[in-house]
Structures are given as C-alpha cells and as structure tokens.
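Take a look at the letters that make up each chain.
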Amino acid sequence: MTTLKASVGSPYARILSIGSALPSRVLDNEYMVQFIDSSDEWIQQRTGIRERRWLAEGETLESLALAAARQAIERAGLQASDVDALLLSTVSHFHQTPALAPKLADELGMVDAAAYDISAACAGFCYALAQAEALVRAGSARHVLVIGAETLSQLTDLHDRGTAFIFADGAGAAIVGPSETNGIGPVVWGSDGSQAGAIWQTADWQSAVADGSWPALGMDGRAVFKWATSFIATATARCLEEAGLTPDDLDVFVPHQANNRITDTLLRYLKLPEKVVVARTIQGLGNNSAASVPIAMDSLLTSGQAKSGQTALLIGFGAGLVYAGQVVTLP
Ligand code: UT7
C-alpha cells in the first residue's frame, strides 16, 4: 500500500481579529407595530428588543459581508492574499448556486482561496468557527476568514405577529489562524431534525414560483424558546466542561441574540458569576442570526466592555434545529 503524505497544521488555532458591519436603517418598535397587533412595551418585555437594523437602499448581503470581512482582515494585520479559505455562514443568499463565498473571496482580493457557504442558521458562526479551527490545525488552511452575514429583513413577513419584530440584518467576521497556545476550545454541536418544523420558510422556491408568494420565515416561538432554555442550557454548560473550565474562569458570555429572556435563563442555569460580561446587542440590533455572535463580540471589544485575551463562551442555536458553541480567547 502506498503511504500518502499528510498535511501538517498548527498545534493550535485562535481568533486573530473580529470585524462587523451594520446596515444604516434603524427601525424602532413603533414602526413594527404598525403592521402587527402588538406594542413597544410587549416587544421590549418579551424579547428585550428596542430597535433593529434593516438594509437601506443600496445596501446588500454582499456589501455588509465585505465590510465586516475587510475590517477583520485589516485588524489581523494581514493582506487578503494571506487568507487561504473563506467560510460564509448565511441563510439569506437567494441563489441556490453558486455560493456567495467565492465571489466575496474574489472581491476581497483573496487568491485561489477555498470558499464555501454554510447553512446553519443562527448557529452558523459557531459552526464555521469550528470548521476554521479544524482546517488550521489540520493544515488545510493557514488563515481562515469566517463570516456570518444575514439580511433576514428580506425573509420577514411584516404582518406575521410571531416573527416580524424579531429578525434583522448585519454581518460579523473573524480571522482564524495558527497559534502557539490554544484559543478555541472544543466545539459542542449537534442537531435535532425532528424539530425542523419549529423554524421554517413559508414556501420553497418551487412553490414560490408557482404561486408568486415571496418566502418568509415562520417560527413556533414557544417550541424554540422551550428548547433554547432547556437543551441549549445543558449544551452551553458542556462547552465549559469540554474546555476544562468552570464558570469562575469565564470573563464574557456571548449567547446568540435571540431573546433576552433566553439569555437570562442560560445565565441562571450556568450560575455565571456577576463579573461575567454578558452580550445584550439584541436591544439595539434584533436577531441577526449567523451574524449575531461575531457582532456581539465586536461590540463588546470596541466598547471596552470586554478585552483582548479574555475568555468568552459562545453559543449559537436556531433553525434546523441546530446548535454549536465553544469557549474562545478574545482577540
Ligand atoms: O434565532 C433563532 C432562535 N429563535 C428563538 O430562540 C426565539 C424563541 N422564541 C421567542 O423568543 C418567543 O417565543 C417569542 C418572542 C417569539 C414570543 O414570546 P412568547 O413569550 O413565547 O409569546 P407566546 O407565543 O407564548 O405568547 C404569549 C402571549 C399570548 O397571549 P395570551 O394567550 O397569553 O393572551 C400571545 O397571543 O403573547 C401574545 N403575543 C403577542 N402579543 C403582542 C404573541 N405574539 C405577540 C406580539 N405582540 N407580537
């Protein structure tokens, strides 16, 4: 039998930098309740959302993803040509094929980079981060650009009382590269396809073409809430255990920004100490799915609430149902 040469990677990987980009249109709850039987008070009490960002004229999924990516590349002190793989996590790209990632790689100036899209909804950034870490450690890539970008406003039915006030747009990006110490803990991830019907697209492309209806997101909010506050709580605790840490070792907690009440329940379950800084970007940004975790990390870092070198617990969860989380060292 012929012996094949194996690729040799870095012993460890870490996040070298984070970037983010937000659309410029700010919509408050008063705007949303024009279309649904609801109120600013209800939305704030039940979710924590005060306003959200939606695409303005001239802004696109692509423009947000590129802006976040450029910031991450620059902050890593790299050129685009130093980055050899691009993983884009999104459910908002309206082309079955080709994927958007190769186009982004070309526009960024990456040269002959591996590039592909990942569909893992609100767990998408943490899914892609796990893959990036594995690619760097396996030697399949040296620097990986991970992007979570969504324009869920384009998949929102303004008249759906169960979702209209939740979803939003944005992009976050990270560069993952080699490291002498470990900066990305073991991923805890999985799926439960028996609950595929808990978050759905109202029409697939074929039926949309047949009857002309634009597909929107639908959600059984109560079912997802129940799963997020029970199963996801235990999965989040496992992320800490797998990294060999206890709650006292944590500095920052960055859960997917789905609902402040879900975050509160996770905090109670994990018994995190008071000193832990908790991401609450949902208040001003709504739920921007795969973009929510990197945007929240960037917001905490740029506002000075979190600092480089601190230990952060990430968890993403959503349509599929799918989830992924890991502990990371902040760049
Ligand atoms: O990002 C992917 C993962 N997604 C999530 O994690 C989302 C998880 N789910 C949620 O965040 C929550 O379920 C929602 C925010 C979507 C809904 O909040 P809820 O507290 O679960 O509402 P509910 O469906 O249990 O309804 C409670 C009450 C009902 O009234 P009664 O029967 O108690 O009189 C609803 O009719 O609130 C009413 N309600 C509303 N009231 C005002 C439901 N939707 C609305 C609304 N405005 N938009």
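Conventions and cut-offs
Residues numbered from 1 in each chain as written. Predicted model: local features only at pLDDT ≥ 70, side-chain atom pairs only at ≥ 80, totals over all residues. Heavy atoms only, no water. 1 Å grid on protein atoms, 1.4 Å probe; cavity = no way out; pocket = protein on both sides within 12 Å on 5 of 7 lines; lining within 4 Å. Points joined across faces, edges and corners; volume = space filled by probe spheres on them. Helix = DSSP H or I, 4+ residues; strand = E, 2+ residues; numbered from the N terminus. Axes fitted to C-alpha atoms, helices over the stretch in contact; angles between N-to-C directions. Parallel < 35°, antiparallel > 145°, perpendicular 65-115°, else oblique. Contact = heavy atoms within 4.5 Å. Nonpolar A, V, L, I, M, F, W, Y, C, P; charged D, E, K, R; others polar. Polar contact = N/O pair within 3.5 Å; in protein donor to acceptor, adjacent residues only side chain to side chain. Domains from an automatic or database assignment. Buried area = accessible area lost by both parts, 1.4 Å probe. Salt bridge = Lys/Arg side-chain N within 4 Å of Asp/Glu carboxyl O. Buried < 20%, exposed > 50% of the residue type's maximum accessible area, 1.4 Å probe, protein only. Pairing = 2+ DSSP bridges. Near = heavy atom within 4 Å. Areas by Shrake-Rupley, 256 points an atom, 1.4 Å probe, with all protein chains shown as cover. Sits in = over half its atoms within 2 Å of the grid points.

Enquirer: Pulling in residues and values, what's your account of the layout of surface pockets?
Expert: There is about 1,200 Å³ of room inside the largest pocket. Taken together, 47 residues make up the lining of the largest pocket; nearest its centre are Phe167, Ile199, Leu217, Met219 and Ala319. Sorting the residues of the lining of the largest pocket by element identifies α2 (40–47), β5 (114–118), β9 (199–201), β10 (217–219), α7 (221–229), α9 (260–270) and β13 (311–318) as the ones contributing at least two each. Looking at which element gives the most residues to the lining of the largest pocket, the answer is α7, with four residues.

Enquirer: Go over the packing of α7 against helix α8 (residues 231–242) with me, naming the residues and quoting the values.
Expert: Helix-helix packing: each pair is described by the crossing angle between the helix axes and the interaxial distance. In the contact formed by α7 and α8, the axes pass within 3 Å of each other and the chain directions differ by 30°. If you check the angle between α7 and α8, you find them roughly parallel. On α8, the residues touching Trp227, Ala228 and Thr229 of α7 are Phe231, Ile232 and Ala233. By residue class, the composition of the contact of α7 with α8 is five nonpolar, one polar and no charged.

Enquirer: I'd love a proper account of the side chain of Gln326, names of residues and values included.
Expert: Take Gln326: it is sitting in strand β14 (residues 322–329). For Gln326, the side chain forms a polar contact with the main-chain oxygen of Cys126, separated by 3.2 Å. Look past the residues within four positions of Gln326 in its chain and what remains in contact with it is Cys126, Leu129, Ala130, Ile184, Gly185, Pro186, Val187, Cys239, Ala312, Leu313 and Leu314.

Enquirer: Describe in detail the domain arrangement of the chain, supporting the description with residues and values.
Expert: When the domains of the chain are assigned, the result is domain 1 (12–179) and domain 2 (188–329). Taken residue by residue, the interface counts 49 residues in domain 1 and 43 residues in domain 2. A buried area of about 3,600 Å², summed over both sides, lies between domain 1 and domain 2, and 65% of it is on carbon and sulfur atoms. The tally of links between domain 1 and domain 2 comes to one salt bridge. With a closest N to O distance of 2.8 Å, Asp298 and Arg75 form a salt bridge.

Enquirer: So what's going on with the pairing of strand β6 (residues 144–151)? Residues and values would help.
Expert: Of all eight residues making up β6, eight are buried, and the element is well covered by its neighbours. Across the two faces of β6 the burial is the same, with Val144, Val146, Gly148 and Glu150 and Leu145, Ile147, Ala149 and Thr151 all buried. With five bridges joining them, strand β4 (residues 85–89) and β6 adopt parallel strand pairing. Each residue of the ladder has a partner; that of Ser89, found in β6, is Gly148. Here β6 pairs with strand β7 (residues 169–179) via eight bridges, running antiparallel. The partner of Val144 across the bridge, within β7, is Val176.

Enquirer: Talk me through the site of the ligand; I want residue IDs and the actual numbers.
Expert: As a matter of local geometry, the ligand sits amid 22 residues, with Ser38, Arg46, Arg222, Asn259 and Asn287 nearest to it. Taking Trp42, its side chain carries an N or O atom lying 3.3 Å from a nitrogen atom of the ligand. In this structure, Arg261 approaches the ligand through a side-chain N or O atom, which is 2.8 Å from an oxygen atom. Isolated, the ligand exposes 950 Å² of accessible area, and the fraction of that covered by the protein chains is 74%. More than half of the atoms of the ligand fall within 2 Å of the grid points belonging to the largest pocket. Secondary-structure elements contributing two or more residues to the shell around the ligand are α2, α7 and α9. No other element matches α7, which puts four residues into the shell around the ligand.

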